[in-house]
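Inside the fold
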Amino acid sequence: MTPAIPLILLLLGLVDAACSGFRAYAGSDARIRKQRATTRAALRGLAVGAFLLLAPTLTAALLLLTTRDQARTYDTLTAGGLGYLLPLTVYATVVLLSLAAYFTLPFRASTLAMVIGLGPLTLLRPLAVAAACLGAVLNGGGGSALLVGTIAGAAVLCVEPAVHRRWYHHVR
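Residues numbered from 1 in each chain as written. Predicted model: local features only at pLDDT ≥ 70, side-chain atom pairs only at ≥ 80, totals over all residues. Heavy atoms only, no water.

Describing helix H4 (residues 70–104)
End to end, H4 covers 48 Å across 35 residues, agreeing with the expected 51 Å (1.5 Å per residue, within 8%). Those residues of H4 that are buried are in contact with helix H1 (4–25), helix H3 (54–66), helix H5 (107–123) and helix H6 (125–167). (Helix = DSSP H or I, 4+ residues; strand = E, 2+ residues; numbered from the N terminus. Expected span 1.5 Å × (residues − 1). Contact = heavy atoms within 4.5 Å.)

Take a look at the structure:
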């Protein structure tokens with residue numbers, strides 16, 4: 001297996017964690033110029049996400065260390081990782097297109113892109129993770145890939161609540 005699949009999944013999870021940190025902060029500050037605060041929020045999300053993503057990494061490592069046939073388990077996890085990556089790639093592409101529309105269109109159109117694109121896509125994150133878990137199983141990953149994928153999905157979905165609870169709980 002090429003290490004590209006786990007690396008891409010890790011990078012995707014870290015970018016999602018940084019965005020989750022931003023979302024945990026968004027709307028909690030009425031200042032007009034808040035670039036430093038939003039950067040800090042994204043870095044907080046990145047730090048929490050990096051820590052939480054250790055769980056699926058350690059799970060995969062434990063699976064590989066405790067199995068009798070490491071090559072077969074590695075291939076199974078690779079197939080599951082590719083199946084996990086495919087639905088997330090579709091989701092990430094749609095999010096990137098919405099972000100591109102938000103940043104390039106005039107004010108009214110960018111607001112519309114936010115309302116009909118990025119807002120609902122945030123709500124669809126759990127479904128994207130569920131589709132990724134299903135993709136991991138359907139692509140031949142089996143139970144081990146489902147276990148690692150479920151732990152990874154739970155990790156990325158927990159970043160925003162953890163960041164909000166730790167740093168922005170005073171804002172309602």
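With respect to the environment of Leu146
On the secondary structure map, Leu146 appears in helix H6. Overall, Leu146 belongs to the partly exposed group, its relative accessible area being 33%. As for Leu146 and His169, which are separated by 23 residues in sequence, their C-alpha atoms are 33 Å apart. If near-sequence neighbours (up to four positions away) are discounted, Leu146 is found in contact with Cys133 and Val137. (Buried < 20%, exposed > 50% of the residue type's maximum accessible area, 1.4 Å probe, protein only.)

Comments concerning the packing of aromatic side chains
Throughout the structure, instances matching the rule amount to two aromatic pairs. Here Tyr25 and Tyr168 contribute two aromatic rings whose centre-to-centre distance is 5.3 Å and whose plane-to-plane angle is 55°, an arrangement assigned as tilted. Here Tyr168 lies in the segment after H6 and Tyr25 lies in helix H1, a separation of 143 residues in the sequence. Residue Tyr25 shares its accessibility class with Tyr168, and that shared class is buried. (Phe/Tyr/Trp six-rings, centres within 6.5 Å; stacked < 30°, edge-to-face > 60°.)

Some points on the nonpolar core
Core analysis: the largest hydrophobic core is formed by 21 residues, its most contacted members being Leu53, Leu77, Tyr84, Leu88, Tyr91, Val95 and Val129. When residues of this core are traced back to their parent elements, those giving at least two are H3, H4, H5 and H6. The element best represented in this core is H6, accounting for 10 residues. Each residue touching Tyr91, except ones within four places of it in the same chain, is listed here: Leu121, Thr122, Leu124, Arg125 and Ala128. In terms of nonpolar packing, the next biggest core, distinct from the first, is built from nine residues, Ala17, Ala24, Ala37 and Val163 among them. (Core = buried A, V, L, I, M, F, W, Y, C linked by side-chain atoms within 4.5 Å.)

Thoughts on the packing of H4 against H6
Helix packing geometry: the angle between the two helix axes and the distance between the axes. Viewed as axis vectors pointing N to C, H4 and H6 meet at an angle of 160°, and their least axial separation amounts to 9 Å. One finds that H4 runs roughly antiparallel with respect to H6. The interaxial crossing formed by H4 with H6 has right-handed handedness. By residue class, the composition of the contact of H4 with H6 is 16 nonpolar, 11 polar and one charged. (Axes fitted to C-alpha atoms, helices over the stretch in contact; angles between N-to-C directions. Parallel < 35°, antiparallel > 145°, perpendicular 65-115°, else oblique. Left-handed = near helix turned anticlockwise from the far one by under 90°. Nonpolar A, V, L, I, M, F, W, Y, C, P; charged D, E, K, R; others polar.)

Focus: a nonpolar patch on the surface
Taken together, the side chains of Tyr102, Phe103, Leu112, Met114, Val115 and Ile116 define a hydrophobic patch exposed on the protein surface, amounting to about 620 Å² of accessible area. Broken down by secondary-structure element, the contributors of at least two residues to the nonpolar patch are H4 and H5. With four residues, H5 is the single largest residue contributor to the nonpolar patch. Topologically, Met114 is positioned in helix H5. (Patch = residues over 30% accessible without salt bridge, like charges linked within 9 Å, V, L, I, M, F, W, Y side chains within 5 Å. Areas by Shrake-Rupley, 256 points an atom, 1.4 Å probe, with all protein chains shown as cover. Salt bridge = Lys/Arg side-chain N within 4 Å of Asp/Glu carboxyl O.)

Quick look at the UniProt feature "transmembrane region" (unreviewed entry) in the chain
In this numbering, the UniProt entry assigns the feature "transmembrane region" (unreviewed entry) to residues 6–25, 46–65, 85–105, 112–138 and 144–163. The span residues 85–105 carries 95% helix and 0% strand; its end-to-end C-alpha distance comes to 29 Å. Across residues 112–138, helical content stands at 96% and strand content at 0%; the span's end C-alpha atoms are separated by 36 Å. (UniProt positions renumbered as here; feature names shortened; annotations may be inferred.)

Some points on the environment of Ser20
In this structure, Ser20 sits in helix H1. Ser20 sits in the buried class, given a relative accessible area of 0%. For Ser20 and Ala41, which are 21 residues apart along the polypeptide, the C-alpha to C-alpha distance reads 8.7 Å. Non-local contacts of Ser20, meaning those with residues more than four positions away in its chain, are made with Arg125, Val156, Val159 and Glu160.

Overview of the pattern of salt bridges
All told, the structure shown has two salt bridges when counted by the stated rule. Measuring nitrogen to oxygen at the nearest pair gives 2.6 Å for the salt bridge that ties Arg125 to Asp16. On the criterion of sequence distance, the pair formed by Arg125 in helix H6 and Asp16 in helix H1 is long-range, its members being 109 residues apart. A single burial state applies to Arg125 and to Asp16, both of which are buried. Between Arg23 and Glu160 there is a salt bridge; the shortest N-O distance is 3.0 Å. Of this pair, Arg23 sits in helix H1 while Glu160 sits in helix H6, placing them 137 residues apart in sequence. Of the residues examined, Glu160 reaches a relative accessible area of 21% and is grouped as partly exposed.

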